[in-house]
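Observations on chain architecture
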Amino acid sequence: MAASVFCCLSWCRDGGAGHIPLKEMPAVHLDTQRMGIWGIGVATQKANLNQIPLGRDVHSLVMRNDGALYYNNEEKNRLPANNLPQEGDVVGITYDHVELNVYLNGKNMHCPASGIRGTVYPVVYVDDSAILDCQFSEFYHTPPPGFEKILFEQQIF
C-alpha cells in the first residue's frame, strides 16, 4: 500500500519551497487560497529549491499553476483546459514511486506523469504572493484506494 503525518503548510510571500523526507509516498491535498505562481509534486534531495519553477531538471516532477506537469524541462502532461485549478480549489496528488497523478476537487484528472528516479520527497513552492494550504493527512477528499497519509521515516535503535 502506498502511503500519504500531518503537516499543514501555508506560505504567503514571494519565493519559497520546502521538502520533508518520507518513508513512503503520499496523497497530498493543496487548497488554492490565492493564486500566483506555485507548483506541487516530488523532488530528489539534489533539487535546487531556490530556483523556481521546479520541473526544469531530472531532480523534480511537478504540476505548475498553469496545469502543466514538468520533468527535465519537458511538459509530460497537462490538465484539460476546462479543469485548471482556480482560487479555492483543492488539488490532490498521488505518487506510487512511478506515476504522479493529479486530482481536482476529488476528481481524477487522468493526466499521469513519470520519469523521476530514486528517493523522492513531496515538494511545494510558491511565488508572486500565492497562498496555499497543504494537507498531508485529514484530507478534504478521500484519497484513492491504496493511498493514505504520509508516514515520516524513522530509525528505531
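**Some thoughts on the overall build of the protein**
Scanning the protein for helices and strands turns up zero helices and 13 strands. Counted from the first residue to the last, the protein has its helices and strands arranged as β-β-β-β-β-β-β-β-β-β-β-β-β. The buried share among the 157 residues of the protein stands at 49%. By element, 46% of the accessible surface of the protein is carried by carbon and sulfur atoms, the whole surface being about 7800 Å².

**Here we look at the nonpolar core**
Trp38, Leu61, Met63, Leu69, Val102 and Ile116 are the most contacted members of the largest nonpolar core, which has 26 residues in total. Secondary-structure elements contributing two or more residues to this core are strand S4 (37-43), strand S5 (60-64), strand S6 (68-71), strand S8 (90-95), strand S9 (99-104), strand S12 (121-127) and strand S13 (131-135). If we skip the residues at most four places from it in the chain, methionine 63 touches Trp38, Gly39, Ile40, Ala68, Leu69, Leu79, Pro85, Val91 and Val102.

**What about the pattern of salt bridges?**
Evaluated as defined, the whole model comprises three salt bridges. Here arginine 78 makes a salt bridge to aspartate 66, at a shortest N to O gap of 3.8 Å. Of the two residues, arginine 78 sits in strand S7 (residues 74-78) while aspartate 66 sits in the loop between S5 and S6, which places them twelve residues apart along the sequence. For the salt bridge of arginine 78 with glutamate 75, the shortest nitrogen-to-oxygen distance reads 3.0 Å. Salt bridges here are not isolated pairs; linked through shared partners, they connect Asp66, Glu75 and Arg78.

**Quick notes on the pairing of S4**
Taken across its seven residues, S4 has six buried, putting it largely inside the fold. Sheet topology places S4 next to S12; seven bridges connect them, and they run antiparallel. Its bridge partner lying in S12, isoleucine 37 is registered against aspartate 127. Relative to S5, S4 is paired through five bridges, and the arrangement is antiparallel. Of the residues in S5, the one forming a bridge with alanine 43 is serine 60.

**Considering the environment of lysine 107**
Structurally, lysine 107 can be placed in strand S10 (residues 107-108). Taking the C-alpha atoms as reference, lysine 107 lies 8.8 Å from glycine 92; in sequence the two are 15 residues apart.

**Things to note about the environment of aspartate 96**
In this fold, aspartate 96 is placed in the loop between S8 and S9. Reaching out from aspartate 96, the side chain makes a polar contact with the backbone nitrogen of valine 98 at a distance of 3.0 Å. From its side chain, aspartate 96 meets the backbone nitrogen of glutamate 99 in a polar contact 2.8 Å long.

**Digging into the confidence of the model for the protein**
Looking at the protein, the pLDDT average stands at 77 and 74% of residues meet or exceed 70. Residue range residues 1-27 is modelled with pLDDT below 50. Its contacts to residues more than four positions away, or to other chains, number 115 contacts.

**Focus on unusual backbone geometry**
Residue isoleucine 52 is joined to proline 53 through a cis peptide bond whose omega torsion reads 5°. Topologically, proline 53 is positioned in the loop between S4 and S5. The backbone of asparagine 72 sits at a positive phi, close to 55°, despite the residue not being glycine. Looking at the secondary structure, you find asparagine 72 in the loop between S6 and S7. The phi angle at asparagine 105 is positive, at roughly 50°, despite the residue not being glycine. Take asparagine 105: it is sitting in the loop between S9 and S10.

Reading the values: the criteria
- Residues numbered from 1 in each chain as written.
- Predicted model: local features only at pLDDT ≥ 70, side-chain atom pairs only at ≥ 80, totals over all residues.
- Heavy atoms only, no water.
- Helix = DSSP H or I, 4+ residues; strand = E, 2+ residues; numbered from the N terminus.
- Buried < 20%, exposed > 50% of the residue type's maximum accessible area, 1.4 Å probe, protein only.
- Areas by Shrake-Rupley, 256 points an atom, 1.4 Å probe, with all protein chains shown as cover.
- Core = buried A, V, L, I, M, F, W, Y, C linked by side-chain atoms within 4.5 Å.
- Contact = heavy atoms within 4.5 Å.
- Salt bridge = Lys/Arg side-chain N within 4 Å of Asp/Glu carboxyl O.
- Pairing = 2+ DSSP bridges.
- Polar contact = N/O pair within 3.5 Å; in protein donor to acceptor, adjacent residues only side chain to side chain.
- pLDDT = per-residue confidence, 0-100.

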